[in-house]
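Given next are the chains, with one letter for each unit.
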Amino acid sequence: MPVLHNRVSNEELKARMLAETEPRTTVSFYKYFTIDDPKAFRDRLYVQFEQRKVFGRIYIATEGINAQISVPNNQFDSFKEALFSAHPALDQVRLNIALEDDGKSFWVLRMKVRARIVADGIDDPTFNPAKVGQYLKAEQVNAMAEDPNTVFVDMRNHYEYEVGHFKNALEIPSDTFRDQLPMAVDMLNDARDKNIVMYCTGGIRCEKASAYMLHHGFENVYHVEGGIIEYARQAKAKGLPLKFIGKNFVFDERMGERISDEVIAHCHQCGASCDTHTNCRNEGCHLLFIQCPNCAATYEGCCSRVCQDEMKLPLEEQRARRSGRENGMKIFNKSKGLLTSSLRIPLPETKGNTE
Ligand SMILES: [Zn+2]
Ligand SMILES: [Zn+2]
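Residues numbered from 1 in each chain as written. Chains lettered and ligands numbered in written order. Predicted model: local features only at pLDDT ≥ 70, side-chain atom pairs only at ≥ 80, totals over all residues.

### Here's the deal with helix α7 (residues 204–215)
- Helix length check: α7 (12 residues) gives 17 Å between terminal C-alpha atoms against 16 Å at 1.5 Å per residue, within 8%.
- Counting buried positions along α7 gives 10 out of 12 residues, so the element sits mostly inside the fold.
- Where α7 is concerned, the buried positions are I204, R205, C206, E207, K208, A209, S210, A211, Y212 and M213.
- Packing partners of the buried residues in α7 comprise β1 (24–32), β3 (64–72), α6 (177–187), β10 (195–199), β11 (221–224) and α8 (227–238). (Helix = DSSP H or I, 4+ residues; strand = E, 2+ residues; numbered from the N terminus. Expected span 1.5 Å × (residues − 1). Buried ≥ 20, exposed ≤ 12 C-beta atoms within 10 Å, placed from the backbone. Contact = placed C-beta atoms within 7 Å.)

What follows is the structure, encoded as structure tokens:
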């Protein structure tokens, strides 16, 4: 009964973490650099981190490392030393410390070797993900934002762009990063003489995108260091004006951090000014969409009348309807309707939302 055993042991590990008295700090970091033997690198780093009671998720590939972890505060200096000396490319790597986090998200250390740290669909062996564009700090981002010879390029998903982006940023309208890369090259082909500034939430995607643009012969390629999160942090710390409008979408309870006061999106049901994402309350649907407080009341938190009715059916009947449906994450896209699902449920009513 290996499954049962694992489950019990997982619960026990979680209980042990919760019983710890030493506070933990949640940290994330990534770095593109060539790791010739990812498996050996992983095994060495695992020993180092295990000794320091680091928990979390770490991916290692020949192109680099991506980590979201928690570290006991009394081990933090020692952890930094171990990380910075694990490879010359990791010396002084930027650590993003999550301030609004209790450090209780992880209770086991998982370190996995993968083909890529960010799936990109690139199979050109001459592509070098470590040859990235130039980093921009917040002041430099702001200077670029004032420069008419510069194009900002958003490398996130539609639903992220919809609620917040750099002023005048170009949206690359695809739902996957791997499709966005070649699309960005096509869309920017006539802007080769301009400065191209790429950005994403935390920097890991735009940094690879910058390498991809360089690979395709673009010369003036930049990316926002640490993404929107680090830009907003630096800009606020230094009292700089914010060139990012709206919200930075993140997958936590808040569904995004407000960066500027402007609300740039609209309720998907009535078209009112609103940038609050929610998941449809019908568990068989769970669609991610934007809903204003009025519509939340009218539809009881559901994306449609159909979901509202279905939610009230006896549980057995709800389950029967759900079986056979795809359970992937569903997202409402204003221009395209329902995404990433073959599920044929009626779309939310989009009256008054035809722009
Ligand atoms: Zn509404
Ligand atoms: Zn729904």
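From this point on, the discussion continues.
### Focus: the sheet that holds strand β9 (residues 170–171)
- Strand order in the open sheet made by the 5 strands is β6-β11-β10-β7-β9, with parallel pairing throughout. With one partner strand each, in any of the chains shown, β6 (134–136) and β9 form the two edges of the open sheet.
- As paired strands, β10 and β11 are joined by 3 bridges and run parallel to one another. Residue M198 lies in a different strand from β11, and its bridge partner there is H223. (Pairing = 2+ DSSP bridges.)

### Details of the confidence of the model for the protein chain
- Across the protein chain, the average pLDDT comes to 88, with 90% of residues at 70 or higher.
- Within the model, pLDDT remains below 50 along residues 339–355, and this stretch shows 36 contacts once partners closer than five positions in the same chain are excluded. (pLDDT = per-residue confidence, 0-100.)

### Thoughts on the pairing of strand β7 (residues 150–154)
- Judged from the 5 bridges that link them, β7 and β10 form a sheet pairing that is parallel. Within the sheet, the bridge partner assigned to T150 lies in β10 and is N195.
- One ladder, built from 2 bridges, connects β7 with β9; its direction is parallel. The residue bridging D154 from the neighbouring strand is E171, located in β9.

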